[in-house]
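Listed below, chain by chain, are the residues.
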Amino acid sequence: RKKIFAHFRGAGCHLCLSGLNEMFLISLLCAILVARASAFGLGRQNCWATTSCMTSHPSALALATIHNGSVHRRTKLCMSGGFGGASPKVKNSKGGKRSQKSPSTKKMNPRDAKRANQQLVERYGGDIGKGTQERIQTSLESLEPHLREAAELHKAVTQFDALIAPMTTSDRNRLIPPAQTQMAEDDRKKLKSIMEKHGLSERELHNVYQRITWDAAADAKATQADIVGNQMKSDLQERITKACAIAVETTEGDEAQGKVLDVGCGHGAIVRSLVDAGLSEPDMYVGIDLSAEMAKNAVNRYGSARNGRTGKGRLFVAGDFYAHDFGGDGVFDSVIFCSALHDLPDMESAISKASSLVRSKGGKVIIVHAQGAQHVLGQNQANPVMVRRGLPTAKEWTEMLNNHAEWGLVLDCEPADPRSDREEKEGYLAVLSKV
C-alpha cells in the first residue's frame, strides 16, 4: 500500500486515498500502468490481458484518466457470465420409461479433446479470448449508425453511473474530474435524444450487448462444454441438480401441463440435468435465449430427440423472453432461470412474465446460480453494462412479492445471502410458488 501511495504521489495525483480499499487501489494502479503502456506505444494488443479486465472496471475506467489528463470512454466490452451444466444423477418421471436417450456426459478422450480445442482455437483466429473480443467489435461496427452510437453512449453512461453509485457526494467531488462529469451529462442528453428520435428503449440497448456478446462466445462455450462432457465441478453440479429436480417435480400431478421453460438456455447447458431429474419426454422442454448462435448450438446438440408418441422434440427459441409469445398464460409448470436472471435488463419484469407463464396452484419460478450471489455482484462491479445488478436477497424477494400481489407468488425457498456460510455451501437458489 505504501508503494502504491508513493506511486500516486510521484505521478502527481493529489487525491485523498484514505477511504479506498486495496482492490480499488490496485485497480487504479493497473489502469495507470495501462495508460503509461499506451503512451509508450504498446497499444491494446500488447497489453490485452490488462486492458480487457481493467477497462471494464468503472473505477479504473474513470480514474485512469486522472493520470494522463484525458478521458477515455470507448472501451471494448469484456465478456462475463456462464451457464449451468449436467447432472450425474438419473431419475425416471412417474416411474415410467424414458423414450429419449439421455444426452451424453462422457468426457472426450485426450486425443479428441485436443483436436476439438485446436479446431476451436483456429475458428477464433488463434486465440479464443481475443477472437471473441474481435467478433464482438465486428458485430458492434456492423450495427446501423444510430444504433451503434446509442449503444456506445449507453455503455458510457452505465459505466459512469456504476462508478459514482457507491460514492458519497464529497468522494465524488474529490475523485471525479469535473470534465468527466460534464462529459457523462452530455452523453446522457445525446443518448436520450437518439432514443426518442428512433424509438429505442434501454432494454433494447442492453440486449444489443447481450446478444452480440453471447453470439460471439457461443461456439467456444458449447465446444468447451462438450470437451468436459457437459459436467461442472461436483459441488456446483449438485446445486444445479437440486434446482432441476424441483422444476421436473412440478411437471408431475393431475393438474400439470408437463412443460418446463428454460430462460437463458444458452447451448442447452441444463438439458441433461433436467433429463436425469426425470423430464421424460423431449417435448416437455422449451428453451429460449436472446442469442441465435447459442440457440443454434443447443439445437445441434439436443434438438434431434423426439417423443415417440407425438413425434415432437425440444423447442429452442432465439428471441427476447419479454416479447416472445409462448401461447398464453399458465402453459408451463415451471420456469427456471439458471445463471440467467442477472443477465436480463429488468428483473421485476422478468419475474412478472414468468409468473404469468406458470400454472396456478403449484407452478414454480426457480432462480439458481451455482456460484452464488456474491459471484454475480462481482460480475456487476466488473461489467455493469452486461450485469445491471446483483441477484435479489431474501429480504428483497419478500419486499418485491409484497409489492406485486398480482403475481400470486410466495417465496418457498429463500436464497442464501452473499458471503454467508450458507452461500458457500449451497450457492444461490430461490423458489417462488404460484398460489
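Residues numbered from 1 in each chain as written. Predicted model: local features only at pLDDT ≥ 70, side-chain atom pairs only at ≥ 80, totals over all residues. Heavy atoms only, no water.

### Observations regarding the sheet that holds strand β6 (residues 409–413)
Definition in use: Note: two strands are recorded as paired if DSSP finds a minimum of 2 bridges between them. Put simply, DSSP marks the helices as runs of H or I at least four residues long and the strands as runs of E at least two long, and each gets a number from the N terminus on. Throughout, an axis means a line fitted to C-alpha atoms (over the contacting stretch in the case of helices), and angles, computed between N-to-C directions, take values from 0 to 180 degrees.
In spatial order, the strands read β3-β2-β1-β4-β5-β7-β6; together these 7 strands make up an open sheet with mixed pairing. Since the sheet does not close on itself, it has two edges, and those belong to β3 (315–318) and β6, each with one partner. Adjacent strand axes in the sheet meet at a mean angle of 20 degrees, parallel and antiparallel pairs treated alike. Strand direction decides the pairing type here: strand β1 (residues 260–263) and strand β2 (residues 285–289), joined by 4 bridges, are parallel.

### Description of unusual backbone geometry
You will see that Ser339, though not glycine, has its phi angle at about 50 degrees, which is positive. Phi is positive for Arg419, which is not a glycine, with a value near 70 degrees. Mapped onto the secondary structure, Arg419 falls in the loop between β6 and α18 (421–426).

### Overview of the pairing of β3
The following threshold applies: Handedness of a crossover is defined as follows: orient the strands so they point away from the viewer, and if the path from the first strand over the helix to the second runs clockwise, the crossover is right-handed.
Two elements, β2 and β3, share 4 bridges in a ladder whose sense is parallel. Its bridge partner being in β3, Gly287 is matched across the sheet by Phe316. Between the parallel elements β2 and β3, the chain passes through helix α14 (residues 292–302) in a crossover that is right-handed.

### Quick word on the packing of helix α8 (residues 145–164) against helix α11 (residues 202–227)
Going by this rule: Each angle receives one of four descriptions, namely roughly parallel if under 35 degrees, roughly antiparallel if over 145, roughly perpendicular if within 65 to 115, and oblique otherwise. It only takes one pair of heavy atoms within 4.5 Å for two residues to be counted as in contact. All residues other than Ala, Val, Leu, Ile, Met, Phe, Trp, Tyr, Cys, Pro, Asp, Glu, Lys and Arg, Gly among them, are scored as polar; the first ten of these are nonpolar and the last four charged.
Their axes nearest at 10 Å, the elements α8 and α11 cross at an angle of 90 degrees. In terms of their interaxial angle, α8 and α11 are classed as roughly perpendicular. Across the interface between the two elements, Leu147, Ala150, Ala151, Glu152, His154 and Lys155 of α8 pack against Glu202, Leu205, His206, Val208 and Tyr209 of α11. Partitioning the contact of α8 with α11 into residue classes produces 6 nonpolar, 2 polar and 3 charged.

### Digging into the nonpolar core
Where we set the bar: Grouping buried Ala, Val, Leu, Ile, Met, Phe, Trp, Tyr and Cys residues that are joined through side-chain atoms within 4.5 Å yields what is termed a nonpolar core. Whether a residue is buried, partly exposed or exposed follows from its accessible area with a 1.4 Å probe, protein chains only, as a fraction of its type maximum: under 20%, in between, or over 50%, in that order.
Counting residues in each nonpolar core, the largest one holds 57 residues, and the members touching the most others are Leu261, Phe321, Phe337, Leu341, Ile351, Ile367 and Trp397. With 8 residues, the top contributor of residues to this core is α11. The residues touching Leu261, leaving out its near neighbours within four places in the chain, are Val286, Ile288, Phe321, Phe326, Phe332, Ser334, Val335, Ile336 and Leu357. Residues Val271, Leu274, Ala277 and Ala298 belong to the second largest nonpolar core, which totals 27 residues.

### Concerning the pattern of salt bridges
Counted only if it meets this: Salt bridges are identified by distance alone: a Lys or Arg side-chain nitrogen within 4 Å of an Asp or Glu carboxyl oxygen.
Throughout the structure, instances matching the rule amount to 15 salt bridges. Linking Glu202 and Arg388 is a salt bridge whose minimum nitrogen-to-oxygen distance equals 3.7 Å. Of the two residues, Glu202 is situated in helix α11 and Arg388 in the loop between α16 (373–382) and α17 (394–403); the sequence distance between them amounts to 186 residues. Among the residues examined, Glu202 registers a relative accessible area of 47% and is labelled partly exposed. Each of Asp161, Glu185 and Arg188 takes part in salt bridges that share partners, so that together they form one network.

### Focus: the pairing of β2
Burial runs high along β2: 5 of the 5 residues are buried. Burial along β2 is two-sided: Tyr285, Gly287 and Asp289 facing one way and Val286 and Ile288 facing the other are all buried. As for the winding sense of the linkage, the β-α-β connection from β1 through helix α13 (residues 271–276) to β2 is right-handed.

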